[in-house]
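Letter by letter, the chains look like this.
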Amino acid sequence: MNTRNLTTFKTIIETGSFQKAADKLHFTQSTVTFQIKQLEEELSLKLFEKIGRHMELTQAGKDILPQIDIILQGEAKIRSYGKNMSEISGTLKLAIPDSILIYNMQTFIRTFRHEAPNVQLIIDSLQSEDVNQAILEGRADIAINCDRDFYPDTVVHERLGTYTTVFVAAPFVNPELLDFTTPHQQKPFSLICNEPNAYYQTAMNKYLSSKDISMNPYMKVQSIEAVKKCVMNNLGLAIVPYYSVTEELKNGALIRIKTDLDDIIFNSVCLYNKNKWISPQMELALKLIKSTVPT
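Nothing here was measured: the structure is a model prediction, and the numbers come from that model.

## So, the packing of aromatic side chains
- One pass over the full model with this rule turns up seven aromatic pairs.
- Taking the centre distance of 5.2 Å and the plane angle of 75° together, the rings of Phe18 and Phe48 count as edge-to-face. Separated by 30 residues along the polypeptide, Phe18 in helix α2 (residues 18-25) and Phe48 in strand β1 (residues 48-51) bring together distant segments of the chain.
- By relative accessible area, Phe48 is classed as buried at 3%.
- Ring geometry for Phe108 against Phe112: centres 5.8 Å apart, planes inclined by 25°, an arrangement best described as stacked. One end of the pair, Phe108, and the other, Phe112, are both in helix α6 (residues 106-115), four residues apart, so they sit about a helical turn from each other.
- The buried category is assigned to Phe112, whose relative accessible area is 0%.
- Every member of this aromatic cluster is reached through a ring pair, and the members are Tyr103, Tyr163, Tyr243 and Phe266.

## Quick look at the sheet that holds strand β7 (residues 165-169)
- Strand order across the open sheet formed by three strands is β10-β7-β11, with antiparallel pairing between neighbours. In this open sheet, the two strands that pair with only one neighbour each are β10 (238-241) and β11 (255-257). Between one strand axis and the next, the sheet turns by 55° as a mean value, whatever way the strands run.
- Along the sheet, helix α8 (residues 199-211) contacts β7 and β10; its crossing angle with β10, the most-contacted strand, is approximately 145°.
- In the packing of helix α9 (residues 224-232) onto the sheet, contacts are made with β7 and β10, and the angle to β10 comes to roughly 135°.

## Considerations on the sheet that holds strand β6 (residues 155-163)
- Spatial strand order, β4-β3-β5-β12-β6: five strands in an open sheet with mixed pairing. Two strands lie at the open edges of the sheet, namely β4 (119-125) and β6, each paired on one side alone. Each neighbouring strand pair of the sheet contributes to a mean axis angle of 20°, computed without reference to strand direction.

## Concerning the pairing of strand β3 (residues 90-96)
- With five of its seven residues buried, β3 lies for the most part within the structure.
- Examined bridge by bridge, β3 and β4 share seven bridges and lie parallel to one another. Looking at the pairing, Thr91 lines up with Gln120 of β4.

## Looking at the packing of helix α1 (residues 3-15) against α2
- Orientation of α1 relative to α2, taken along the N-to-C sense of each, is 120°, at an axis distance of 8 Å. In the crossing of α1 with α2, the sense of the turn from one axis to the other is right-handed. Taking contact as the criterion, the partners of Thr7, Thr8, Thr11, Ile12, Glu14 and Thr15 in α1 are, on α2, Phe18, Lys20, Ala21, Lys24 and Leu25.
- Considering only residue class, the contact of α1 with α2 consists of four nonpolar, four polar and three charged.

## Examining the packing of α6 against helix α11 (residues 280-292)
- Direction vectors running N to C along α6 and α11 enclose 145°, while the axes themselves pass 10 Å from each other. Handedness of the α6/α11 crossing: right-handed. Judged by residue contacts, Thr107, Phe108, Thr111, Phe112 and Glu115 of α6 engage Gln281, Leu284, Ala285, Leu288, Ile289 and Thr292 from α11.

## Remarks on the nonpolar core
- Within the largest apolar cluster, 25 residues are counted, with the highest numbers of intra-cluster contacts made by Leu92, Met105, Phe108, Phe112, Ile142 and Ile289.
- Sorting the residues of this core by element identifies β3, α5 (98-104), α6, β4, β5 (142-146), β12 (266-273) and α11 as the ones contributing at least two each.
- Per-element accounting of this core gives the leading share, six residues, to α11.
- Once residues lying within four places of it in the same chain are set aside, the contact partners of Ile289 are Phe108, Ile142, Ile144, Leu160 and Cys270.

## Let's talk about the side chain of Asp98
- Tracing the backbone through its elements, the reader meets Asp98 in helix α5.
- Buried and without a salt bridge, Asp98 has Lys228 as its closest oppositely charged side chain, separated by 9.2 Å.
- Non-local contacts of Asp98, meaning those with residues more than four positions away in its chain, are made with Ser125, Leu126, Asn194, Glu195, Ser223, Ile224 and Glu225.

What counts, and at which threshold
- Residues numbered from 1 in each chain as written.
- Predicted model: local features only at pLDDT ≥ 70, side-chain atom pairs only at ≥ 80, totals over all residues.
- Heavy atoms only, no water.
- Phe/Tyr/Trp six-rings, centres within 6.5 Å; stacked < 30°, edge-to-face > 60°.
- Helix = DSSP H or I, 4+ residues; strand = E, 2+ residues; numbered from the N terminus.
- Buried < 20%, exposed > 50% of the residue type's maximum accessible area, 1.4 Å probe, protein only.
- Pairing = 2+ DSSP bridges.
- Axes fitted to C-alpha atoms, helices over the stretch in contact; angles between N-to-C directions.
- Contact = heavy atoms within 4.5 Å.
- Left-handed = near helix turned anticlockwise from the far one by under 90°.
- Nonpolar A, V, L, I, M, F, W, Y, C, P; charged D, E, K, R; others polar.
- Core = buried A, V, L, I, M, F, W, Y, C linked by side-chain atoms within 4.5 Å.
- Lys, Arg positive; Asp, Glu negative; His and termini not counted.
- Salt bridge = Lys/Arg side-chain N within 4 Å of Asp/Glu carboxyl O.

Right under this line is the structure:
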């Protein structure tokens, strides 16, 4: 069996289309189509079917995917046997929320690239709610995320540390409008966020509801940096991880708003699938995450 065809099959699933898989593998789309046809003939299975304008994975394709993962992981084990870390090649795929990637991962990235220079590092900046799914679906080898209440049995979750959040405003907002501890109020602000379903955002929503404090509809932007810029320009208020606004609070670009959430501590975790082979690059990354990612 040609494992290249198996790699192509897995890449189609990861990227979502034949064309995107071709782009990633530096093939033509016709080559990808031919490889899948070869694989289907060899296995006597229909792996994809056309639904509307899209190619969808068949049930047979879904059923054999775990076995294909085992074959590809076995090949990777053989290729890495006897090599030191500087000789290891391949990829390492991480899934990380935007704020953690920007503020907490730079030392890890620098150290990993130094110790494993031939490994391609692929980092997807995802919404917190999508990070866990990336591990379940095999789209990421390792993830870092805010802790959740529940994980499937197949997901290993190791606590990294804790973090706090802060509710912030522009420094020139009327202080009389920034009372968020007295109940039964209507506030002329919007909450600005890049992750509406983040744990700390959900906690803020529950807090406002418990206080019967109403605000204008929230505004969603694409990144934590955009959130900060919008707040600094007095377009609204935001609750953010404290580590993301340390400098702005020090230099007065943002000010803290007192709430009853100030002392709440959130946990961060490292995640991976227990059914996945711990490759040399994964083993190195897990070690470095524990020693380099701020907690």
